[in-house]
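Now for the letters of each chain:
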Amino acid sequence: MDGREKQILRLENVVRDFGGLRAVNHVSLQVEEGEVRGLIGPNGSGKTTLINLITGIYKITEGDIYFGAKRISGLQPDVIASLGIMRTFQVPRVFRDMTVLENMMVPALSQGQTKQEAKTRAEELLEFALLTRLKNEPAKSLSGGQSMLLQIVRVFMNKRLMLYVMDEPFAGVHESIKGIILKTIKAMNQEKGITFLIVSHEMTTISNLCPRVSVLYRGGIISQGTMEEIANDPLVIDAYLGGQ
Amino acid sequence: MGVLYCLMSLGINFIYGIMKVINWAMGEYYMIGSYVLYLLVTFPLGVKYWYVAVLAAAIAVFFLGAFVQVLLIKPMFTGAIGERGEYGTIVTIATAIFIRNLAVVIGGPYIYTPPDYAGPTNIGPLPISGNTLVALMGALILLSLFYYLIKRTWVGRALQGVAQNRIGIQTSGVNILKFDMLAFGIGTALAAAAGALLAPVYLVYPTCGLVSSVRGFEIIVIAGLGSIWGVLVASLALGVVESLGAVFISPSFMDIYGFVLLVIVLSLKPYGLFGKEERIA
Amino acid sequence: MQTFKKYAVLSLLLLISLLLPHFITDYWIYVLTVAFYYAIMAAGWNLLGGYTGQFSLCHSTFALIGAYASALTIVKLGLPLWVGILSGTLLTLVLSLGLGIVCLRVRGIYLALITWAFAEVIRTFIRVAYEFTGGDRGLNSPYLFRSVKPLPYYYLFLGLTVLAIILIAVVMRSRIGFYLRAIRNDEVAARAMGVNTVRWKIFAFMLPSGLAGVTGAFYGHYIGLISPVLGEFNEMAMIIIFVVIGGMRTQAGPILGAISIRYLMEFLREWAEIRIVILSAIVILIMRFFNGGLMEFLRRAGGWVRKKDAVSAYASMGEK
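Small disclaimer: the values here were computed from a predicted structure and weren't measured. (Residues numbered from 1 in each chain as written. Chains lettered and ligands numbered in written order. Predicted model: local features only at pLDDT ≥ 70, side-chain atom pairs only at ≥ 80, totals over all residues.)

### Let's talk about the overall build of chain A
What counts is decided by this rule: Strands here are runs of E lasting at least two residues and helices are runs of H or I lasting at least four, both read from the DSSP assignment and numbered beginning at the N terminus. Throughout, radius of gyration means the C-alpha value; the globule benchmark is 2.2 Å times the number of residues raised to the power 0.38. Contact between residues is assigned whenever the C-beta positions, reconstructed from backbone atoms, fall within 7 Å.
A count of helical and extended segments in chain A gives 10 helices and 10 strands. Against the compact-globule benchmark of 18 Å for 244 residues, chain A has a radius of gyration of 18 Å, which places it among compact chains. Along the first, second and third principal axes, the C-alpha atoms of chain A reach 50 × 40 × 35 Å. The contacts of chain A with a sequence gap of at least 6 include a subset with a gap of at least 24, amounting to 68%.

Next comes the structure, spelled out in structure tokens:
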């Protein structure tokens, strides 16, 4: 019972089918509160699908997902967001015709903060992310890396954020921006106790950032442990090097 | 009748399949086709060569359509336009209004009557006007030509490829912009052919495109976007429903039978009979 | 300073429009009153189609429904005028709720198609049920005011326009405005950021439609004879034209567009079709090249003027 209470996210035998294709195959996963967990796997292994399932964009074919004690499988994405689970997208999805500042304010407003509160908090976060000079620019004028950064800090506007799922936050991002992202993750994790589940291809970054890593291959979890452990796991080696 | 509406909706659906744009001006191309036919038949050619006139109308509008496409639609795909979704709709709507009113400016708000194709005859026990019969045959010929084009020729298969996978097909060296232009031209030519064929039936005047374009879009809604066979089925269904309704219930309500069918179909299958559901994320 | 200037301009415009009828002929008062109707319709459509990105082609249909519902309630049921208007409003709200729910799952092109279908179904129904509605011959809608004078109607529609402007401005400035714009920009991201897209899409549908219904009802009682023409595709296209030329996704654009174009159209009455040819050509040009409409044009002109001032100020500084 004790172990379960510390689990902020629990997937039990989750299956997702798309017609004839089984994208997620009986995945069971537990993430503890306060963890920074990595999720890696070769292309097409179902990582984004899994994120979509957790955040309610896809419905589960079989299985259950729990957020703490609450069953969240089947809830709408905006409800799940209000419960404290938020995510970023592999290709940054920002509100292109709204300014950077306005982009930031959206999750705060939907949470119930006043415009003034949201504005203040947004300006603080933008300061932290070194994006202040862009705050009145339309988001569409941002570079790819800047959009990713905006996407990432935007989520922190949610005061009740507890679990942050990131989909390839470092993909194609300039080193300096990557540094800011890493700094942000570490700060938020240590100061606010926010749990992270990070999907990424960048092995070095993940091994520096995540004490524990889960490996997804062809829709199933094939290994879990520290980066060292899974790097030596024959199943993992096979998955990455062998044929698919 | 259903077969003729089919030409319209085929054109609309075809263009949508290739470019994901609904051309709201299809009725106006129909109207242009009618006018061209009228002009050709009344003056130089005479009724005996009506089929030449129909072909000429179709070909003329083909080029017109291609021209319009290059001018207005192509920029959607070459990055010059910001808001693609609303752009296509607004521009085609504006084009429709433009052409419709231009027709009044040029030709006047009069109704022109092209000469009949043939006298009234009978199919079995049902009387049918010679014009409608001729139009029907013409439509069937065109449809089979279209089928042949799509299924048997290289061009047709390339177009199918574009409809199925716009990005993928470019890797096979297909110049997608040229095919866009081709598709638009074909689509509008189909509408014009319908207009030319039906000119003696519905007569020729600036808003004569409305009746058929309404039917054309009705069929699209019923059949769902993106499916050519669906359009065929739906057009026949519509034609049948309208005729039956006109005969058994009342001819004055003819417009509404199609819509009743539409409402019924939509409540059961919101994407249309053969429509494909859109993926969200 | 900017806000003060804006309110000053608005107050001035309001003052002008309040005093104007005393300086112009009855005919032009009529023109302006009708223009107000279109201004409200344009502003409403801008909220749904412009800001929220839900491209609806049945906006004028709701005005049609409002007008007919109100007229029929009064004529057939003998109920007083305000009940008519209320029923018109309620009916449009209910129908737009239903339609909004149906349209939740459909995107862009499909939405246009389905709203188009709805518009045609309603219009055809009114034409076909002619024993009840008068069909193509039209329906006599009881006049709102006893007198035939144009002034009360002018102020009524002016008042409605001002209310509509305020309502839309308040909504767009509030958090709802953020939600609607986010929905248009990226619905999935909006949901992921906690926006209840279902609720707000339906809201975006119902508010303008209800507004159209009320305005349509009043309009019916103003012009006296209503017919299915009010809900024709042409009407819808004109509304879109007003919004595009005035400036989509701006507060003042649709109003400005509607009023100025209606005024212009009246001016060019003899050129009946040519004026529309020109208008549609302008719309095509704007969409193709400019995409901002009048408001953007004014803004850039203002910016250019300011730049010129700055440049000449700088230059004169150099001379010292």
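### Description of the overall build of chain C
Counted only if it meets this: Exposed residues have 12 or fewer other C-beta atoms within 10 Å of their own C-beta, buried residues have 20 or more, and partly exposed residues fall in between, where C-beta atoms are placed from the backbone.
In terms of regular secondary structure, chain C is built from 14 helices and 2 strands. Its C-alpha radius of gyration of 21 Å places chain C within 12% of the 20 Å reference for a compact globule of 320 residues. Along the three orthogonal principal directions, the C-alpha set of chain C runs to about 80 × 55 × 35 Å. The buried share of chain C, taken over its 320 residues, is 51%. Within chain C, contacts between residues separated by at least 24 positions form 79% of all contacts whose residues are at least 6 apart in sequence.

### A closer look at the sheet that holds strand 4 (residues 62-67) of chain A
Either a parallel or an antiparallel arrangement is found when strands of a sheet pair, and the pairing is made through backbone hydrogen bonds. All names here are of chain A. Formally: Note on pairing: two strands pair once DSSP finds at least 2 bridges between them. To obtain each axis, a line is fitted to C-alpha atoms, and for helices this fit is confined to the stretch in contact; angles are then taken between N-to-C directions over 0 to 180 degrees.
Strand order in the open sheet made by the 4 strands is 2-1-4-5, with antiparallel pairing throughout. Each of the sheet's edge strands pairs with one partner strand only, and the pair in question is strand 2 (21-32) and strand 5 (70-71). With 8 bridges connecting them, strand 1 (residues 7-18) and strand 2 associate as antiparallel partners. Across the sheet, the residue bridging to Arg 16 is Val 24, located in strand 2. Strand contacts of helix 2 (residues 47-54): strand 1, strand 2 and strand 4, with the helix running at about 65° to strand 2, the strand carrying the most contacts.

### Some details on the environment of Ile 97 of chain B
Along the chain, the position of Ile 97 of chain B falls in helix 4 (residues 84-107). Accessibility expressed as a C-beta count within 10 Å gives 26 for Ile 97 of chain B, which makes it buried. In this structure, the C-alpha to C-alpha distance between Ile 97 of chain B and Cys 208 of chain B, residues 111 residues apart in sequence, is 13 Å. The residues touching Ile 97 of chain B, leaving out its near neighbours within four places in the chain, are Ala 237, Ile 276 and Ser 280 of chain C.

### So, helix 4 of chain B
For clarity, the cut-off: To estimate the expected span of a helix, subtract one from its residue number and multiply by 1.5 Å.
Helix length check: helix 4 of chain B (24 residues) gives 34 Å between terminal C-alpha atoms against 34 Å at 1.5 Å per residue, within 8%. Extensive coverage of helix 4 of chain B is indicated by the burial of 17 of its 24 residues.

### Details of the sheet that holds strand 7 (residues 163-167) of chain A
All names here are of chain A. Here 6 strands make up an open sheet; going across it, the order is 6-7-8-3-9-10 and the pairing mixed. Only two strands of the sheet have a single neighbouring strand rather than two, namely strand 6 (85-87) and strand 10 (220-225). Neighbour-to-neighbour, the strand axes of the sheet open up by a mean angle of 20°, direction not taken into account. With 4 bridges joining them, strand 3 (residues 36-40) and strand 8 (residues 195-199) adopt parallel strand pairing. Of the residues in strand 8, the one forming a bridge with Leu 39 is Val 199.

### Considering the interface of chain C and chain B
Our working rule: We call Asp, Glu, Lys and Arg charged. Ala, Val, Leu, Ile, Met, Phe, Trp, Tyr, Cys and Pro are nonpolar, and the rest, Gly among them, are polar.
On the chain B side, the residues contacting the 29 residues of chain C number 34 residues. If you list the elements that add at least two residues to the side of chain C that touches chain B, you get helix 5 (108-128), helix 11 (233-246) and helix 13 (272-290) of chain C. Element by element, the count of residues in the side of chain C that touches chain B is highest for helix 5 of chain C, at 11 residues. A per-class count over the side of chain C that touches chain B returns 21 nonpolar, 4 polar and 4 charged.

### Examining the packing of helix 9 (residues 209-223) of chain B against helix 5 of chain C
Working note: a packed helix pair is described by the angle between its axes plus the distance between those axes. Cut-off, in case you're wondering: Should an angle fall under 35 degrees it is called roughly parallel, over 145 degrees roughly antiparallel, and 65 to 115 degrees roughly perpendicular, with every other angle called oblique. By convention the crossing between two helices is left-handed if the near helix lies anticlockwise of the far one by an angle smaller than a right angle, and right-handed if it lies clockwise.
The contact between helix 9 of chain B and helix 5 of chain C brings their axes to 10 Å, and the two run at 125°. Comparing their axes, helix 5 of chain C and helix 9 of chain B come out oblique. Crossing geometry of helix 9 of chain B relative to helix 5 of chain C is assigned as left-handed. Within the contact between the two elements, helix 9 of chain B uses Val 214, Phe 217, Ile 220 and Val 221 of chain B and helix 5 of chain C uses Leu 113, Trp 116, Ala 117 and Glu 120 of chain C. Partitioned by chemical class, the residues of the contact of helix 9 of chain B with helix 5 of chain C number 7 nonpolar, no polar and 1 charged.

### Here's the deal with the environment of Met 8 of chain B
Residues and elements named next belong to chain B. Summarising the element assignment, Met 8 is placed in helix 1 (residues 2-19). Using a count of 33 C-beta atoms within 10 Å as the deciding quantity, one classes Met 8 as buried. Apart from the residues within four sequence positions on either side, Met 8 is in contact with Met 26, Tyr 30, Ala 191, Ala 194, Ser 212, Ser 213, Arg 215 and Gly 216.

### Considerations on helix 6 (residues 144-155) of chain A
Residue and element names in this part refer to chain A. End to end, helix 6 covers 17 Å across 12 residues, agreeing with the expected 16 Å (1.5 Å per residue, within 8%). Extensive coverage of helix 6 is indicated by the burial of 11 of its 12 residues. Along helix 6, the residues classified as buried are Gly 145, Gln 146, Ser 147, Met 148, Leu 149, Leu 150, Gln 151, Ile 152, Val 153, Arg 154 and Val 155.

### Some points on the nonpolar core
Condition: A set of buried Ala, Val, Leu, Ile, Met, Phe, Trp, Tyr and Cys residues, joined to one another through C-beta atoms within 7 Å, is what we call a nonpolar core.
Leu 7, Ala 57, Ala 192, Ala 193 and Ala 196 of chain B together with Ala 42 of chain C are the most contacted members of the largest nonpolar core, which has 272 residues in total. Those residues in contact with Ala 192 of chain B that lie beyond four places of it in its chain are Tyr 29, Tyr 30, Ile 32, Gly 33, Ala 57, Ala 58 and Val 61 of chain B.

### Here we look at the packing of helix 4 (residues 81-102) of chain C against helix 10 (residues 197-223) of chain C
All names here are of chain C. Where helix 4 meets helix 10, the axes come as close as 8 Å, and the angle between the chain directions of the two elements is 150°. Overall, the two elements helix 4 and helix 10 adopt an arrangement that is roughly antiparallel. For the crossing formed where helix 4 meets helix 10, the hand is right-handed. When helix 4 is examined against helix 10, the residues Gly 84, Ile 85, Gly 88, Thr 89, Leu 91, Thr 92, Leu 93, Ser 96, Leu 97, Leu 99, Gly 100 and Ile 101 are found in contact with a partner set consisting of Lys 201, Ile 202, Phe 205, Met 206, Ser 209, Gly 210, Ala 212, Gly 213, Val 214, Gly 216, Ala 217 and Phe 218. Residue composition of the contact of helix 4 with helix 10, by class: 13 nonpolar, 10 polar and 1 charged.

### A few points about the pairing of strand 9 (residues 212-217) of chain A
Residue and element names in this part refer to chain A. Of all 6 residues making up strand 9, 5 are buried, and the element is well covered by its neighbours. In this sheet, strand 9 lies alongside strand 3 in parallel orientation, the contact comprising 4 bridges. What sits directly across from Arg 37, in strand 9, is Arg 212. Note: strand 9 against strand 10, 5 bridges, orientation antiparallel. Its bridge partner lying in strand 10, Tyr 217 is registered against Gly 220.

### Let's talk about the confidence of the model for chain C
How we decide: pLDDT is a per-residue confidence score from the predictor, ranging from 0 to 100.
Predicted confidence across chain C gives a mean pLDDT of 87, with 94% of residues reaching 70 or more. Taken over the whole predicted complex, pTM reads 0.88, whereas the ipTM for its chain interfaces reads 0.89.

### Let's talk about unusual backbone geometry
A positive phi angle, close to 50°, is found at Glu 168 of chain A, a residue other than glycine. As for its position among the elements, Glu 168 of chain A is in the loop between strand 7 and helix 7 (175-192). With phi around 70°, Leu 203 of chain B is a residue other than glycine that occupies positive phi space. Here Leu 203 of chain B falls in the partly exposed class, since 14 other C-beta atoms lie within 10 Å of it.

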